[in-house]
Amino acid sequence: MPQAQSVFKFELTVSEITKLDRGINAQASTPPALCVHFDRVRGSTLRAYNCMTNSGTVSREGGTPDSARLGVLGSKEVNHETSLSTGSESDVRKANDIQANPSNSKSRGSSSSSESSDGDPKPRSQLSWHTNDTRMLVSADGTRIYANAVGDPSKQAIVFIHGFCWSLIAFDDIFEDRRWTSKLYLVRYDVRGHGRSGKPDTDAAWESKRLAEDFDAVVCAFKLCRPFVAGWSLGSAHLMDILSFHPVDYVSGIINIAGAPYVSPDMLLNIGTPFVSELIERMTQGPTVEDFQNASEEFIRACCRTLPYEVRRKCLGSIMTQPRSMMVRSVKTREQDLSTFERVGRTRVPCLVIYGEEDELVLVRKLPGYYWGWRNAKVEVLKGGSHMPWSKTDRAVGDEFCERMLEWIEGVVRGRTLARL
């Protein structure tokens with residue numbers, strides 16, 4: 001069986017970089033356990049790559065962080081790639097010096113702390129394992145599901161599910177934000193019929209069970225234990241697909257980000273603005289290519305008026321390669337067990353509903369009414385927020401979204417821990 005090739009990157013202080021440069025994992029039982037090379041420093045980021053391993057752990061002065069275990073998944077190629085800041089520009093220059101003059105690194109790496117740019121000592125942090133893991137999975141019915149995970153797998157996991165016509169790129173701003181990656185293991189995937197996932201065009205392939213199985217494939221592949229699930233826009237309806245086929249304790253909590261509580265024949269009319277209803281009609285039934293293209297571009301702009309051109313271009317490219325039948329199936333013709341929504345509401349499953357008050361696509365003021373009577377639901381309204389309230393193009397709203405989401409998640413986890421004591 002050929003050995004798998006993995007690419008890893010991790011957070012390091014300058015002193016830890018020095019130790020890695022000399023060669024870590026001296027205690028590994030199966031050589032060669034790890035080979036580390038350093039690329040040149042770019043900006044304030046040091047890149048470590050080409051780490052080949054067949055077993056063993058990352059060790060440092062006799063200590064082995066539990067979250068720093070390496071392994072090979074059969075003969076499958078796994079891509080882990082992350083770039084993380086090593087600290088100040090001064091630290092980066094030191095790291096660069098270490099690369100150029102390894103013989104001079106002994107004195108720099110021998111102390112238990114490194115210095116900040118202003119000369120004040122700072123405590124050496126624990127080695128933090130941080131991966132960017134992209135995989136093509138296979139769901140129960142054979143449909144390929146494109147998925148990505150970022151962060152430390154030992155941390156609490158959260159899975160993000162995108163909305164109509166988008167792909168996992170919708171969450172780039174979250175997955176590139178250290179406020180998120182430092183606290184959670186972030187996972188996302190392209191919903192079937194979207195992005196790089198498979199696009200089956202049969203009624204059976206769009207049954208509620210199949211979308212739940214896609215989520216299961218992600219949970220199994222990344223070995224997630226009771227993740228939080230955050231559905232955005234139409235993606236929030238997937239929460240009911242999942243809980244129709246699993247007990248509520250399969251997840252730690254559910255989060256509706258400006259989205260549909262469930263899918264039904266009249267849901268789009270009830271919760272969508274007249275503007276989005278018109279756009280979806282033009283995108284799914286428009287008589288000309290020009291009308292389809294114009295409606296698609298207007299739809300993306302309406303999600304967030306300040307989206308950068310590159311993001312809009314990526315999403316448009318994804319829409320242009322998506323069969324129109326996939327759009328119809330995802331929003332118009334598929335069915336759910338509507339009793340699930342009422343059943344879940346009677347449980348104590350934590351639920352957060354969060355949205356921006358300036359949403360152009362969803363009648364967000366109607367959302368709280370759907371959760372009236374739920375035993376453990378909380379509603380958060382972001383003043384001035386768009387349909388994508390986490391976008392970094394509106395820093396104030398994005399910061400508030402991050403703060404409220406993380407605070408709620410931490411509260412749920414803390415409450416669960418106290419309940420076990």
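Residues numbered from 1 in each chain as written. Predicted model: local features only at pLDDT ≥ 70, side-chain atom pairs only at ≥ 80, totals over all residues. Heavy atoms only, no water.

A. Quick peek at helix α15 (residues 395–420). For α15, with 26 residues, the first-to-last C-alpha span of 38 Å sits near the 38 Å given by 1.5 Å per residue. Among all positions of α15, only Val397, Gly398, Phe401, Cys402, Met405, Leu406, Trp408, Ile409, Val412 and Arg416 are buried. (Helix = DSSP H or I, 4+ residues; strand = E, 2+ residues; numbered from the N terminus. Expected span 1.5 Å × (residues − 1). Buried < 20%, exposed > 50% of the residue type's maximum accessible area, 1.4 Å probe, protein only.)

B. Region of interest: the pairing of strand β11 (residues 144–151). Among the eight residues in β11, seven count as buried, and that is most of the element. Bridging between β11 and strand β13 (residues 185–189) involves four bridges; their strand directions are antiparallel. The residue of β13 that forms the bridge with Ala149 is Val187. (Pairing = 2+ DSSP bridges.)

C. Layout of the environment of Trp206. For Trp206, the position within the fold is in the loop between β13 and α6 (208–221). On the basis of relative accessibility, which here comes to 3%, the residue Trp206 falls in the buried class. Remark: the alpha-carbon pair of Trp206 and Ser330, spanning 124 residues in sequence, is separated by 7.8 Å. Those residues within four positions of Trp206 in sequence are excluded, and the remaining contacts are Arg192, Gly193, Pro200, Leu211, Met326, Arg329, Ser330 and Arg334. (Contact = heavy atoms within 4.5 Å.)

D. Spatial organisation of the pattern of salt bridges. Enumeration over the complete set of coordinates arrives at 21 salt bridges. Across the pair Arg192 and Asp141 runs a salt bridge, and its minimum N-O distance is 3.0 Å. One end of the pair, Arg192, is in the loop between β13 and α6; the other, Asp141, is in the loop between β10 (128–138) and β11, and 51 residues separate them in sequence. For Arg192, a relative accessible area of 0% gives the class buried. In this structure Asp141 comes out as partly exposed when scored by relative accessible area, which is 31%. With a shortest N-O distance of 2.8 Å, Asp203 and Arg329 are connected by a salt bridge. With Asp203 in the loop between β13 and α6 and Arg329 in helix α12 (residues 324–333), the pair connects residues that are 126 residues apart, well separated along the chain. A single network of salt bridges, built from pairs that share partners, joins Glu278, Arg282, Asp291 and Glu298. (Salt bridge = Lys/Arg side-chain N within 4 Å of Asp/Glu carboxyl O.)

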